[in-house]
Amino acid sequence: MRLEPAVEVAGLVKRYGEKTAVDGLDLTIARGTVTAVLGPNGAGKTTTIEICEGYRRADAGTVRVLGLDPVADGAALRPRIGVMLQAGGVYPGARAVEMLRHTAKLYADPLDVDALVERLGLGSCGRTAYRRLSGGQQQRLALAMAVVGRPELVFLDEPTAGLDPQARRATWELVRELRADGVTVVVTTHHMDEAEELADEVAIVDHGRVVATGTPEELCRAEAGVRFGAPGGLDLAGLRAVLPAGAVAVEHAPGAYRVDAPVDPKLLAAVTAWCAEAGVMPEGLAVGRRSLEDVFLELTGRELRS
Ligand code: ATP
């Protein structure tokens, strides 16, 4: 029997007064995968995730999580999913590891708490109140709380924001192990390297919609070509004339040029020959695969979000 996807969101809409935070968002997440949800500040990621977790209600659209409705079937779903909220979601006076032990007892087959505490470097935090932990320790405790119940599906909202490199790597390692155990992981992040490192699938969200999906490789390979910086406003007609059929040359942002075409030595030679002819130094000339950050900026623009 084919299992339904871990998460299926169709036509999701969420408004806060006049503001439409999620605007017809579609997203399908296959079981057993790690999916990174990327997007600029305010794109609607947390709102979408919190609707999937059953913390917020949708205004329109359908949401199925492990085949269930997150609100109507919340009681059945809660023991099967793990949630790490952006803002901790932990009672501030609670003692760190005690609380983790208490949480573990709520589940039928929890992870070994001592091993988890060790893994996430929380050994020294035993009886410390949550509010007295450092930001990074709070993050790690929230992560531990999300996974201790051995969930089928875990939502991690910016799990490594503010973590030091060691803790970031420990978090990545844990995510890889969850995946190896068949757990589905949905992670929001602003760290493109994290998405490239961890994700089987990436969904880029902007203005409340998914604007691109694919594996990191697919997203970065698409429109591979030649990129360079030069003074803005160059006349590209001469360049276009020497490119192979189907190739496109554009100034995609002021002073940032891109030639979209399959990369081969002749293409590179044509571009550099044209630059030499035009007296243009192609700054930062790059060939082939783009970084996920390039793709992200191209899709979502360079404007700061309010
Ligand atoms: P970030 O990367 O900054 O965490 P995000 O993609 O998670 O952003 P959301 O937190 O989902 O974005 O917010 C989407 C939009 O909805 C934003 O404009 C935000 O200000 C607005 N918003 C979110 N929660 C509320 C709320 N409770 N009341 C009013 N507006 C809200």
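Please read these numbers as outputs of a predicted model, since none were measured by experiment.

A. Quick peek at the overall build of the protein chain. A tally of helices and strands in the protein chain yields eleven helices and 13 strands. Put simply, the protein chain has 306 residues, and 47% of those count as buried. Counting contacts in the protein chain only where the partners sit at least 6 residues apart, residues at least 24 apart contribute 68% of the total. Here the protein chain has roughly 15000 Å² of accessible surface; of this, 51% comes from carbon and sulfur atoms. Positive and negative side-chain charges in the protein chain, numbering 34 and 42 respectively, have mean positions lying 6 Å apart.

B. Up close: the packing of helix α5 (residues 135–147) against helix α6 (residues 165–180). The interhelical angle for the contact between α5 and α6, taken along N-to-C directions, is 10 degrees, at an axis separation of 12 Å. One way to sum up the angle between α5 and α6 is to call them roughly parallel. Packed against α5, whose contacting residues are R140, L143 and V147, the element α6 presents A167, T171, L174 and L178 at the interface. Each residue belonging to the contact of α5 with α6 can be placed in one class, and the counts come to five nonpolar, one polar and one charged.

C. Local environment of the site of the ligand. G42, K45, T46, T47 and H190 are the nearest of the 15 residues found near the ligand. A43 has a polar backbone atom sitting 3.1 Å from an oxygen atom of the ligand. Separating an oxygen atom of the ligand from a side-chain N or O atom of T46 is a distance of 2.7 Å. Considering the ligand on its own, with 640 Å² of exposed area, one finds that the protein chains cover 65% of that surface. Where the shell around the ligand is concerned, the elements lending two or more residues are β2 (19–29) and α1 (45–52). The element contributing the most residues to the shell around the ligand is α1, with three residues. Among the residues forming the shell around the ligand, the class breakdown is four nonpolar, seven polar and four charged.

D. Seen up close, the environment of A167. Tracing the sequence through the fold places A167 in helix α6. On the accessibility criterion, A167 (6% relative accessible area) is buried.

E. Just the layout of surface pockets, in detail. Quantified by volume, the second largest pocket comes out at close to 270 Å³. P40, N41, F296, L297 and T300 are, among the 14 residues lining the second largest pocket, the residues nearest its centre. No other element matches helix α11 (residues 292–300), which puts four residues into the lining of the second largest pocket. Within the lining of the second largest pocket, the residues separate by chemical class into five nonpolar, five polar and four charged.

F. Representation of the sheet that holds strand β8 (residues 201–206) in the model. The strand order across the open sheet built from six strands is β5-β6-β7-β3-β8-β9, with neighbouring strands paired in mixed fashion. Both outer strands of the open sheet, β5 (81–84) and β9 (209–214), are each paired with one neighbouring strand and no more. Taken over all neighbouring pairs, the strand axes of this sheet differ in orientation by 15 degrees on average, direction set aside. Direction of pairing for β8 relative to β9: antiparallel, over a ladder of five bridges.

G. Expanded view of the nonpolar core. Counting residues in hydrophobic clusters, the biggest one holds 48 residues, and the most contacted among them are L38, L100, L141, V147, L156, V202 and L292. Counting residues per element, this core draws most heavily on α5, which supplies seven residues. Non-local contacts of L38, meaning those with residues more than four positions away in its chain, are made with K45, T189, M192, A195, V202, A203, I204, V205, L292 and F296. Counting residues in hydrophobic clusters, the runner-up holds 24 residues, among them A6, V37, L153 and F155.

H. Up close: the pattern of salt bridges. The tally for this structure, following the rule as stated, stands at 15 salt bridges. Where E4 meets R31, a salt bridge forms, and the shortest distance between an N and an O atom there is 2.7 Å. Remark: R31 occurs in the loop between β2 and β3 (34–38) and E4 occurs in the segment before β1 (7–16); sequence separation between them is 27 residues. Exposure remark for R31: the relative accessible area of 25% places this residue in the partly exposed category. Two residues, R150 and D109, come together in a salt bridge whose shortest N-O distance is 3.3 Å. In this pair, R150 is assigned in the loop between α5 and β6 (153–157) and D109 in the loop between α3 (96–105) and α4 (113–119), connecting sequence segments 41 residues apart. By relative accessible area, which is 43% here, R150 ends up partly exposed. Residue classification places D109 among the partly exposed positions, given a relative accessible area of 46%. In the salt-bridge network here, residues are joined through shared partners; they are E4, R31, R80 and E152.

Analysis parameters
Residues numbered from 1 in each chain as written. Predicted model: local features only at pLDDT ≥ 70, side-chain atom pairs only at ≥ 80, totals over all residues. Heavy atoms only, no water. Helix = DSSP H or I, 4+ residues; strand = E, 2+ residues; numbered from the N terminus. Buried < 20%, exposed > 50% of the residue type's maximum accessible area, 1.4 Å probe, protein only. Contact = heavy atoms within 4.5 Å. Areas by Shrake-Rupley, 256 points an atom, 1.4 Å probe, with all protein chains shown as cover. Lys, Arg positive; Asp, Glu negative; His and termini not counted. Charge placed at Lys NZ, Arg CZ, Asp CG, Glu CD. Axes fitted to C-alpha atoms, helices over the stretch in contact; angles between N-to-C directions. Parallel < 35°, antiparallel > 145°, perpendicular 65-115°, else oblique. Nonpolar A, V, L, I, M, F, W, Y, C, P; charged D, E, K, R; others polar. Near = heavy atom within 4 Å. Polar contact = N/O pair within 3.5 Å; in protein donor to acceptor, adjacent residues only side chain to side chain. 1 Å grid on protein atoms, 1.4 Å probe; cavity = no way out; pocket = protein on both sides within 12 Å on 5 of 7 lines; lining within 4 Å. Points joined across faces, edges and corners; volume = space filled by probe spheres on them. Pairing = 2+ DSSP bridges. Core = buried A, V, L, I, M, F, W, Y, C linked by side-chain atoms within 4.5 Å. Salt bridge = Lys/Arg side-chain N within 4 Å of Asp/Glu carboxyl O.

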